[in-house]
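Working through the structure, step by step
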Amino acid sequence: MAASTRVTDHGGGVWSIQVPIPDNPLGHTLVYVVDTDRGPVLIDAGWDDPASWDTLTEGLTACGTSVGELYGVIVTHHHPDHHGLSGRVREASGAWVAMHAADLAIVRRTRETRPGRWFTYMTAKLTAAGAPEEHLAPLRTSEPRTLPGLSPALPDREIAPGELLDLPGRRLRAIWTPGHTPGHVCLHLEESHPAQLIGHGRLFSGDHLLPEISPHIGLYEDPDDATVTDPLGDYLDSLERVGRLAAAEILPAHQYAFTHALSRVGELLTHHEQRLAGLLTLLADPLTLWQLAERMEWNRPWADIPHGSRNIAVSEVEAHLRHLVKLGRAEAVPGTDPVTYVAV
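Residues numbered from 1 in each chain as written. Predicted model: local features only at pLDDT ≥ 70, side-chain atom pairs only at ≥ 80, totals over all residues. Heavy atoms only, no water.

1. A look at the overall build of the protein
Counting secondary structure elements, the protein contains ten helices and 13 strands. Taking 2.2 N^0.38 as the reference for a compact globule, 344 residues should give roughly 20 Å; the C-alpha atoms of the protein span a radius of gyration of 21 Å, in line with that estimate. Each principal axis of the C-alpha distribution contributes one length, and for the protein these read about 60 × 45 × 35 Å. The buried share of the protein, reckoned over its 344 residues, is 51%. Taking as baseline every contact in the protein between residues at least 6 positions apart, the subset at least 24 positions apart corresponds to 66%. Looking at the protein as shown, the accessible area adds up to about 15400 Å², and 52% of this sits on carbon and sulfur atoms. (Helix = DSSP H or I, 4+ residues; strand = E, 2+ residues; numbered from the N terminus. Rg over C-alpha atoms; globule rule 2.2 N^0.38 Å. Buried < 20%, exposed > 50% of the residue type's maximum accessible area, 1.4 Å probe, protein only. Contact = heavy atoms within 4.5 Å. Areas by Shrake-Rupley, 256 points an atom, 1.4 Å probe, with all protein chains shown as cover.)

2. Thoughts on the sheet that holds strand E6 (residues 96-100)
Pairing in this open sheet of seven strands is mixed, and the strands run E1-E2-E3-E4-E5-E6-E7 from one edge to the other. Bordering the open sheet on either side are strand E1 (7-9) and strand E7 (157-159), each of which pairs with just one other strand. Taken over all neighbouring pairs, the strand axes of this sheet differ in orientation by 25° on average, direction set aside. Pairing analysis gives seven bridges linking strand E2 (residues 14-20) to strand E3 (residues 28-34), with the strands arranged antiparallel. Bridging across to E3, Val14 finds its partner in Val34. Across the sheet, helix H1 (residues 50-62) is in contact with E1, E2, E3 and strand E4 (41-43); its angle to E2 comes to roughly 160°. (Pairing = 2+ DSSP bridges. Axes fitted to C-alpha atoms, helices over the stretch in contact; angles between N-to-C directions.)

3. Some thoughts on the sheet that holds strand E9 (residues 185-189)
Backbone-to-backbone hydrogen bonds pair the strands of a sheet. The strands run either parallel or antiparallel. Strand order in the open sheet made by the four strands is E8-E9-E10-E11, with mixed pairing throughout. Strands at the two margins of the open sheet, each flanked by one partner only, are strand E8 (172-176) and strand E11 (249-252). This sheet shows a mean twist of 25° between the axes of neighbouring strands, independent of strand direction. Where strand E10 (residues 202-206) lies against E11, four bridges are found, and the strand directions are parallel. Opposite Gly206, over in E11, you have Pro252 as the bridge partner. Relative to E8, helix H7 (residues 231-245) is tilted by about 150°, and along the sheet it contacts E8, E9 and E10.

4. A few points about the side chain of His28
Relative to the assigned elements, His28 resides in strand E3. Residue His28 is classed as buried on the basis of its relative accessible area, which comes to 16%. Not counting residues within four places of it along the chain, the set of residues in contact with His28 comprises Gln18, Val19, Pro20, Ile21, Ala253, His254 and Gln255.

5. Examining the environment of Val34
Considering the arrangement of structural elements, one finds Val34 in strand E3. Its relative accessible area of 1% is what places Val34 among the buried residues. With 20 residues separating them along the chain, Val34 and Val14 place their C-alpha atoms 4.7 Å apart. If near-sequence neighbours (up to four positions away) are discounted, Val34 is found in contact with Gly13, Val14, Gly39, Pro40, Val41, Ile43, Leu167, Arg170 and Phe204.

6. Digging into the pairing of E9
When you tally the buried positions in E9, you get five out of five residues, the bulk of the element. Residues Val185, Leu187 and Leu189 of E9 are buried on one face, and the alternating residues Cys186 and His188, pointing to the opposite face, are buried as well. Here E8 pairs with E9 via five bridges, running antiparallel. Note on E9: the bridge partner recorded for Ala174 is Leu187. Here E9 pairs with E10 via three bridges, running antiparallel. In the strand pairing of E10, His188 is matched with Leu203.

7. Examining helix H8 (residues 261-282)
Counting along an α-helix, one turn takes 3.6 residues, and residues three or four places apart therefore face a common direction. Compared with the 32 Å implied by 1.5 Å per residue over 22 residues, the 32 Å span of H8 between its first and last C-alpha is a close match. Buried residues of H8: Ala261, Arg264, Val265, Leu268, Leu269, His272, Arg275, Leu276, Leu279 and Leu280, and no others. Each buried residue of H8 lies within a common arc of 160° when the element is viewed along its axis, so the set occupies one face. Facing away from the buried side of H8 by more than 90 degrees, the exposed set consists of Leu262, Glu273, Gln274 and Thr281. Contact partners of the buried residues in H8: H7, E11, helix H9 (289-295), helix H10 (307-326) and strand E13 (341-343). (Expected span 1.5 Å × (residues − 1). Arc of directions from axis to C-beta.)

So this is what it looks like as structure tokens:
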């Protein structure tokens, strides 16, 4: 596919480049290019893969610039389809790389943690969740090289919530939107919409607000920190905060740009209300996290969900269950191992 077919001009000095994600149903990450008085700034960078790099560089040429002219990279969150190429961009251009402190801490931990420790931690988590031995066995024997993103680039700037970012000649404000990851940020371009659409500027929403997909809400915890987080509660609060911005247009990191921000926020809030209600129905009887995951509705039958995606599903179940426990609507059954939960 020619680079020009992967590039969209959104007007007002903003373009997007479809940077492919290898072997992933999402297909691509929308990497945004924002013109500034000091040179273009990227919002996200795409997956670290030779084909993705070639697409990014060709796309920048189609936008009338090049990697060497880039001034900065703002990373909405630490996932490898967003942060992956940041280090290579920095090497090629000298651009700074910025990320929220909460996700920066995850990057530091990833760089410092041996892969074997990650597998041990995941095995312990899934054992506690009630996963069967046939699911745990591959984790006990996996080779470290099977893990992507083992050495993500260390960003050199921290994004502070509410700050106007270093984009000379532009007004781009960081909106902290934890949930999908602890340090996810949306970026509010506080400028009139180039097509004069009704609303307050444009919002680069990362994975927080997508037109047709409900982003994964999971857990990103330090194995040495016993703090019990509530990522779903954080996400729901962040959704409402983004809705109040009343942006004229949403520029997400996947799929396509859209204008119905408020109605989409409402749809996502309703989706999670239904997920929580469904969990409470299942919890009429005590169940482990694994049993809940087996019984919940996913985008395909549980038998068809691959190994890695089952780990993600269990993480999502735990995020929802923690929210119910925080609300006083579910509780752990004392003395159970693996722990079972029941509705209150």
